[in-house]
Structure formats: structure tokens, C-alpha cells
Amino acid sequence: MTSPVRLALLGCGTVGAEVIRLLHEQSADLAARVGAPLEIAGIAVRRIGRDRGDLPVDPALFTTDALGLIKRDDVDVVVEVVGGIEPARGWLVEALRAGKSVVTANKALLAEDGGTLHDAAAEGGGDLYYEASVAGAIPLLRPLRESLHGDRITRVTGIVNGTTNFILSAMHATGAGFAEALEEATELGYAEADPTADVEGFDAAAKAAILASLAFHSRVAAADVHREGITEVTAADVASAKAMGCTIKLLCIAARGADGQGREAVSVRVHPAMIPVTHPLASVGDAFNAVFVEAEAAGQLMFYGRGAGGAPTASAVLGDVVAVARNRLAGVRAASESAYADLPVRPMGEALTRYHISLDVADRPGVLESVAGVFARHDVSIATVRQGPAAGDAGAAGDAVLVIVTHVAPDAALAATVQQLRGLDIVRSVASVLRVEGGL
């Protein structure tokens, strides 16, 4: 074997510790796959004295000087599992411009400023790999940027956040409300003490940006993604979905198609949606992730597995480490960023979708005609209507519940329809609005 490939590890939290353990436990196999041993040159942490249990690593490798570690001549590959925008961006740009290869799990940074990292990699001639940034151990990004390069991807639909999937799955299974399901997720360790990034859709939006960038050969940032969380999803919404043969999932949806002027563009969004129980994503439960890819030649492809956790994420990190280490030994680099298409991102108002709308209305003649007239004025076609008496405290005596599912229409037209419905005297309240995806 040749001289070792030396790694600088930035971060030693849950994922970093698992990377160290796997490097130790699988050292012989990894060396055989790479063609040279993989050695840790140093580990950058915030506090050196922190108790790290029985981690199989020499304590002398720890340092608080991340930038100094990156700049060392004996470092070949920088592995970043710290997260956040700064100082991680500065560290990785420094490494890439110096010609070192980088493996990162930093979805937030890639989604906010991935272009800067790709430009630095092109300048320095090193590799930039980030399989672990989306969907944990699921091999997903490599197929998008390599295996499917001979095809034209038209749509990517995914469940890419385990916390929200656990919550919505629990609500579907037990009939619990959002607050109760979140409490259970927190007790079981699926939700952080501050779950905002997950339940408000920020985590999924970052991943959606990365997926769209790879699928459509265009730079898409998190700021381009329409984002809605799951905090407004109620037990009544879940029950209504069940009655329709659906379930509710937080979906990231990226699609390509013509914009309002007939030019090719992409639409990228994250929001809760009803999908039929027959859809492949409907059966994805607990904290698992799954991504459904549609391509012109390959057809429909499904990627499924554990999307988070120390060990699954570390598995993806090490897969990238092996790839970039082999490239360095061979004196080659992976294919650079593919952003040649440079497609614009369509505003959410142009996205084509369907709505499920639940209205509390006055139960008297002419109500349905008035409501239907609002839909007609906005060129929104109604697919189904279901009417029943108001239940419990949903409305006063003489009120009714009207549940309407639309055909596909621009989101702006659907939103305007809902806004006008709120102003009708006969509409007591718009109880719920959810998008419907996947066909019914």
C-alpha cells in the first residue's frame, strides 16, 4: 500500500464520534477499498477537555485550531460535521482553494451558499462530496449527479425529515393532535429540544434546494424554496385525509416544466400535503426518509432508508471519504458541479397543485352555488364536494361542513379562491386548507 491518506475531522459530536468509531472498526477494509490506510491527522473541537467516553482515538489529536489543522501540509481530506454557516464556510473554502478534498454533511451551508464551495473546489482542483447532507445513509445524491446523468429528471418528491414524518405518522396512527405527537417525538429522542428547524420546514427546505440543484443542473438556494411547516396540521385534517383514503406527509417537491411565459423553469416547495395511501411514499412511517424520483427514460425510482442519526450519517460520510481518497491516489477528481442548465425558479404562485378545503358554512339553500361561483371566477375546477353537519363545537346549530377537493390549478388561483371564500357571509370559517399531491 501507498502512504496513508490523512484526514482532518472538523467536529466530534454524534456524527463525528461515529465516523471515528467506523474508521477504527473497519480500518482494514477501508484501507483495502481505498488502496491506502485512512488516518486521522487531527480533530477540531470547541472544547478539548470534554468527556468523550471510550472513543478509540489518541487524545493528542484534538485541537481547537480548526483553521490551523486545515492548513497543515499533511492533511489530504477535510471532513466537516460541525454544521452551521460560519465558521464552516470559511474553513471549507480555505481547504478547497488549497486543493484539499472536502466531505461535508452541512446541508444548511450547501443550501445557502453551495455555489461558493463549488467555485472554490473548481479553483483548487479538489473534490467536494456531500452525500450525508440529505437523507442520511440513503444513497441518493450520487445517483442523481452520476447514475442518472444520462437521463432527464422531471420530478423529485421526498420525505426528507424524520422528525416531522414521525409526528405525522403518529397522528395518523393514533388520532393525536400535533402537540401530543411532538411531545412523544421529543421523549423518544426524535425531536430536538427546539424543534423549529424541523417542524417549520427549514431542514427540509435546505435538502430540497440541494436535490433540485442536482436533479435540474441549476443552482437552487434555500431562499428559492417555498416553505411551510406542519404546526397547523390538526387531528381533524388527519381524519379528513383518512376519510379520503389519504395520509398527510411533509413533502419536498421539485419539478421542472414551463413557466407562465412558456420558458423551462423549476418549482421547488416544501409543505404538508395529502397523498393517497396507495402512493409509494404513504407507507413511509416512523422517522424514515424516502425520495421518489421520476425520469424520462428510467421511469420511477424510490430511495428509502434511515435519514438521520449518528451511524447512518457516518456511513454516508465514510462512503464519500473512500471515494475522494481513491480519486486522490489516482490523481483524478470527480466530475465538477453541473449547473449548465441555469434554470430559473418559478414563484410558488405558478406551481400547479390541488387543494383540499374544509369550510364551516351556513346550512341553507344556495350556499353550494355561491361557493362554486367563487371557484369559477378564479378558473378553479372542483373535483369533489362532501357536505355534512357541523360536529361538536365546529359551528352553531344550522351550520354545516363543506369539504371541497379541486382539480389541478396554479397555486395563486387556489390561494385567491380561499381568500375570497373567507369574505363570504355564508362562510363561518375556513377550517383547513391542505394541498393534495400524487393523484386521487
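Residues numbered from 1 in each chain as written. Predicted model: local features only at pLDDT ≥ 70, side-chain atom pairs only at ≥ 80, totals over all residues. Heavy atoms only, no water.

Draft legend 1. Local environment of the side chain of Ser-213. With respect to the helices and strands, the residue Ser-213 is situated in helix H10 (residues 202-216). Ser-213 sits in the buried class, given a relative accessible area of 17%. A distance of 3.0 Å separates a polar atom in the side chain of Ser-213 from the backbone nitrogen of Val-220. Not counting the four nearest positions on each side in its chain, Ser-213 is found in contact with Ser-218, Arg-219, Val-220 and Ser-338. (Helix = DSSP H or I, 4+ residues; strand = E, 2+ residues; numbered from the N terminus. Buried < 20%, exposed > 50% of the residue type's maximum accessible area, 1.4 Å probe, protein only. Polar contact = N/O pair within 3.5 Å; in protein donor to acceptor, adjacent residues only side chain to side chain. Contact = heavy atoms within 4.5 Å.)

Draft legend 2. Spotlight on the side chain of Lys-207. Looking at where Lys-207 falls in the secondary structure, it is placed in helix H10. When its relative accessible area of 7% is taken as the criterion, Lys-207 is described as buried. A distance of 2.8 Å separates a polar atom in the side chain of Lys-207 from a polar atom in the side chain of Asp-203. In contact with Lys-207, other than residues within four places in its own chain, are Lys-107, Ser-133, Val-134, Val-160 and Asn-161.

Draft legend 3. Fine view of the pattern of salt bridges. Overall, the coordinates contain 23 salt bridges when judged by the stated rule. Arg-6 is the salt-bridge partner of Glu-39, the closest N and O atoms lying 3.2 Å from each other. With Glu-39 in strand S2 (residues 38-44) and Arg-6 in strand S1 (residues 5-10), the pair connects residues that are 33 residues apart, well separated along the chain. For Arg-97, the salt bridge goes to Glu-123, with nearest N and O atoms at 3.6 Å. With Arg-97 in helix H4 (residues 88-97) and Glu-123 in helix H5 (residues 107-124), this residue pair connects regions lying 26 residues apart in the sequence. Several salt bridges share partner residues, and in doing so they unite Arg-6, Glu-39, Arg-72 and Asp-74 into one network. (Salt bridge = Lys/Arg side-chain N within 4 Å of Asp/Glu carboxyl O.)

Draft legend 4. Just the packing of helix H2 (residues 27-34) against helix H12 (residues 310-330), in detail. Here H2 crosses H12 at 40°, and the two axes come no closer than 9 Å. In terms of orientation, H2 and H12 fall into the oblique class. Contacts between H2 and H12 pair Leu-30, Arg-33 and Val-34 from the former with Leu-318, Val-322, Ala-325, Arg-326 and Leu-329 from the latter. Residue composition of the contact of H2 with H12, by class: six nonpolar, no polar and two charged. (Axes fitted to C-alpha atoms, helices over the stretch in contact; angles between N-to-C directions. Parallel < 35°, antiparallel > 145°, perpendicular 65-115°, else oblique. Nonpolar A, V, L, I, M, F, W, Y, C, P; charged D, E, K, R; others polar.)

Draft legend 5. Quick look at the pairing of S1. Of all six residues in S1, five are buried, a share of seventy percent or more. Pairing of S1 with S2 involves six bridges; the strand directions are parallel. Each residue of the ladder has a partner; that of Leu-9, found in S2, is Ile-43. (Pairing = 2+ DSSP bridges.)

Draft legend 6. Spatial organisation of the sheet that holds strand S6 (residues 128-129). Across the sheet, six strands lie side by side as S3-S2-S1-S4-S5-S6; this open sheet has parallel pairing. Taken across any chain shown, the strands that pair with only one partner, and hence form the sheet edges, are strand S3 (62-63) and S6. Here four bridges tie strand S4 (residues 77-80) to strand S5 (residues 101-104), and the two strands are oriented parallel to one another. By the bridge assignment for S5, Val-79 is matched with Val-103.

Draft legend 7. Here's a closer look at the environment of Tyr-130. For Tyr-130, the location among the structural elements is in the loop between S6 and helix H6 (141-147). On a C-alpha basis, the gap between Tyr-130 and Asp-320 in space is 7.2 Å, while along the polypeptide they are 190 residues apart. With near-sequence residues (within four places) excluded, Tyr-130 lies in contact with Thr-104, Leu-110, His-118, Leu-141, Arg-145, Ile-210, Leu-214 and Asp-320.

Draft legend 8. Local environment of a negative patch on the surface. Together, Glu-180, Glu-183, Glu-184 and Glu-187 give the surface a local cluster of negative charge. Summarising the element assignment, Glu-187 is placed in helix H8 (residues 178-187). (Patch = residues over 30% accessible without salt bridge, like charges linked within 9 Å, V, L, I, M, F, W, Y side chains within 5 Å. Areas by Shrake-Rupley, 256 points an atom, 1.4 Å probe, with all protein chains shown as cover. Lys, Arg positive; Asp, Glu negative; His and termini not counted. Charge placed at Lys NZ, Arg CZ, Asp CG, Glu CD.)

Draft legend 9. Representation of the nonpolar core in the model. Residues Leu-10, Val-78, Leu-140, Ile-153, Ile-167 and Leu-211 are the most contacted members of the largest nonpolar core, which totals 79 residues. Per element, the largest residue contribution to this core is 11 residues, and it comes from H10. Within the second largest apolar cluster, 37 residues are counted, among which are Val-19, Val-34, Val-45 and Val-57. (Core = buried A, V, L, I, M, F, W, Y, C linked by side-chain atoms within 4.5 Å.)

Draft legend 10. Layout of helix H1 (residues 14-25). Under the 1.5 Å per step criterion, the end-to-end length of H1 is 17 Å for 12 residues, consistent within 8% with the ideal 16 Å. For H1, the set of buried residues is Val-15, Gly-16, Ala-17, Val-19, Ile-20, Leu-22 and Leu-23. Looking at the packing, one finds that the buried side of H1 touches S1, H2, S2 and H12. (Expected span 1.5 Å × (residues − 1).)

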